[in-house]
Amino acid sequence: MSILIDGKATSDRIKGQIAQQVKEIIAKGGKQPHLAAILVGEDGASKTYVGHKEKACAQVGFKSTLYKFPADITEEFLLNQIEAINNDSDIDGLIVQLPLPSHIDENKVIEAIDPNKDVDGFHPQNVGKMMLNLPTFLPATPYGIVRLLQEYNISTKGKHAVILGRSNIVGRPMANLLSQKAEFGDCTVTICHSRTPDIEYYTKQADIIVAAIGIPEFLKGNMVKEGAVVIDVGITRMPDETKKQGFRLVGDVEFSSVEPKCSYITPVPGGVGPMTIVSLMHNTLKAAENK
Ligand code: GUN
């Protein structure tokens, strides 16, 4: 039997704390924190994520502005929009929802964001600071996972963490945070990815598994050690006619076979997803305070 890590309840509690801090700022005559989001194209999942971010802004008392552009905008147009937002003193934080259409260079776009407004923590300057354990905006998903581990008093010290996936958004920053000499770190970390032979060999040794590989139900019960902590970052839409939206959300973990072997496990939905959103709210408040 495992303990279910409730990301929804945890994120609601943190949102309550952020809302209180916003009230105090405004009571002292301060400015309402303001998050801007850029969404390019019509990807359904991206639209949903941005919608969740806007809703969370309203819940904590932030102002939010959504800039929606068609998929065929030029890179130059997008870079000009980013520059205008960088120069808008009312806006504290800016995110550009990824992925972008293939004709736009994602790295160029990320580098165009003012590092002081980069609340996703994707700008090379902020990635570098994270690497060096200097104060910065930590990427929302890895930071949300670290907070969940802390909230549930799951010690990471000396543990073997196996991370499935090497993305710049989750896998690699997660490996960095868990390996740091820090309260939430001190792990021995292994990163597995699409070119790793025999992934099972590693997952069977893991005390903590972070599954961010983007393959629905990839991690099965026979790949997991008894008592492991399993964090599921996966969120794939699988067609399901019995659902109102026509799909159900499936993680990277086969919950039915993995859950009985774990000490702790996150569900999908209601695990990591809400923690990503609340971490973005945390970073936006920090950006506003930094000014
Ligand atoms: N696409 C998937 N995850 C993220 C995220 O955390 N931030 C942005 N901007 N895009 C994403």
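Each remark here, short or long, concerns the structure printed above.
Residues numbered from 1 in each chain as written. Predicted model: local features only at pLDDT ≥ 70, side-chain atom pairs only at ≥ 80, totals over all residues. Heavy atoms only, no water.

Caption draft 1: Spatial organisation of a nonpolar patch on the surface. Taken together, the side chains of V127, M131, L132 and L134 make up a nonpolar region of the molecular surface, amounting to roughly 390 Å² of accessible area. Within the element layout of this structure, L134 appears in the loop between helix 5 (124–131) and helix 6 (140–151). (Patch = residues over 30% accessible without salt bridge, like charges linked within 9 Å, V, L, I, M, F, W, Y side chains within 5 Å. Areas by Shrake-Rupley, 256 points an atom, 1.4 Å probe, with all protein chains shown as cover. Salt bridge = Lys/Arg side-chain N within 4 Å of Asp/Glu carboxyl O. Helix = DSSP H or I, 4+ residues; strand = E, 2+ residues; numbered from the N terminus.)

Caption draft 2: Focus on the sheet that holds strand 2 (residues 34–40). One open sheet holds the three strands; their spatial order is 3-2-4, and the pairing between them is parallel. Here the strands that pair on one side only, and so sit at the sheet edges, are strand 3 (63–69) and strand 4 (93–96). Strand-to-strand twist across the sheet, computed as the mean angle between neighbouring axes with direction ignored, equals 15°. Sheet topology places strand 2 next to strand 3; seven bridges connect them, and they run parallel. Looking at strand 3, one finds that V40 is bridged to F69. Where helix 2 (residues 44–60) meets the sheet, its contacts fall on strand 2, strand 3 and strand 4, and the angle it forms with strand 2 comes to roughly 170°. Contacting strand 2, strand 3 and strand 4, helix 3 (residues 75–86) crosses the sheet at an angle of about 175° to strand 2. (Pairing = 2+ DSSP bridges. Axes fitted to C-alpha atoms, helices over the stretch in contact; angles between N-to-C directions. Contact = heavy atoms within 4.5 Å.)

Caption draft 3: Quick peek at the site of the ligand. Taken together, K53, V96, Q97, L98, D120, F122 and I169 make up all the residues around the ligand. Note that a nitrogen atom of the ligand is positioned 3.4 Å from one of the side-chain N or O atoms of Q97. Taking L98, its main chain carries an N or O atom lying 2.9 Å from a nitrogen atom of the ligand. Of the residues in the shell around the ligand, the class split is four nonpolar, one polar and two charged. (Near = heavy atom within 4 Å. Polar contact = N/O pair within 3.5 Å; in protein donor to acceptor, adjacent residues only side chain to side chain. Nonpolar A, V, L, I, M, F, W, Y, C, P; charged D, E, K, R; others polar.)

Caption draft 4: Structural context of the sheet that holds strand 6 (residues 188–192). An order of 1-11-8-7-5-6 is seen for the six strands of this open sheet, with the pairing classed as parallel. Either end of the sheet is taken by a strand with one partner, and the two such strands are strand 1 (3–4) and strand 6. By the bridge criterion, two bridges tie strand 1 to strand 11 (residues 264–265) in an arrangement that is parallel. From the neighbouring strand, I3 faces strand 11, where its bridge partner is Y264.

Caption draft 5: Summary view of the packing of helix 1 (residues 7–27) against helix 10 (residues 272–290). In the contact formed by helix 1 and helix 10, the axes pass within 9 Å of each other and the chain directions differ by 20°. Between helix 1 and helix 10, the angle is such that the two are roughly parallel. Like other packed secondary-structure pairs, helix 1 and helix 10 cross with a definite hand, here left-handed. Contact with helix 1, carried on its side by G7, K8, T10, S11, I14, K15, I18, Q21, V22 and I25, involves P274, M275, V278, M281, H282, L285 and E289 of helix 10 and no other residues of that element. Grouping the constituent residues of the contact of helix 1 with helix 10 by class yields nine nonpolar, five polar and three charged. (Parallel < 35°, antiparallel > 145°, perpendicular 65-115°, else oblique. Left-handed = near helix turned anticlockwise from the far one by under 90°.)

Caption draft 6: View of the nonpolar core. The biggest cluster of nonpolar side chains holds 49 residues, and the ones touching the most others in it are I18, F62, I145, L178, V210, I231 and M281. If one sorts the elements of this core by residue count, helix 10 sits on top with eight residues. Not counting the four nearest positions on each side in its chain, V210 is found in contact with I145, V162, I163, L164, M174, L178, I231 and V233. Within the second largest apolar cluster, 18 residues are counted, among which are I82, L98, V109 and F122. (Core = buried A, V, L, I, M, F, W, Y, C linked by side-chain atoms within 4.5 Å. Buried < 20%, exposed > 50% of the residue type's maximum accessible area, 1.4 Å probe, protein only.)

Caption draft 7: Layout of the pairing of strand 8 (residues 229–232). Taking every second residue as pointing to the same face, both faces of strand 8 are buried, with V229 and I231 on one and V230 and D232 on the other. With four bridges joining them, strand 7 (residues 208–211) and strand 8 adopt parallel strand pairing. From the neighbouring strand, A211 faces strand 8, where its bridge partner is D232.

Caption draft 8: Geometry of the pattern of salt bridges. Under the defined criterion, the tally for this structure stands at 13 salt bridges. D12 is the salt-bridge partner of K8, the closest N and O atoms lying 2.7 Å from each other. Of this pair, K8 and D12 both sit in helix 1, four residues apart, which is roughly one turn of that helix. For K8, a relative accessible area of 45% gives the class partly exposed. Between K108 and E75 there is a salt bridge, and its shortest N-O distance comes to 2.9 Å. Of this pair, K108 sits in helix 4 (residues 106–112) while E75 sits in helix 3, placing them 33 residues apart in sequence. A relative accessible area of 45% means that K108 is categorised as partly exposed. Salt bridges here are not isolated pairs; linked through shared partners, they connect K31, K63, D90, D92 and K291.

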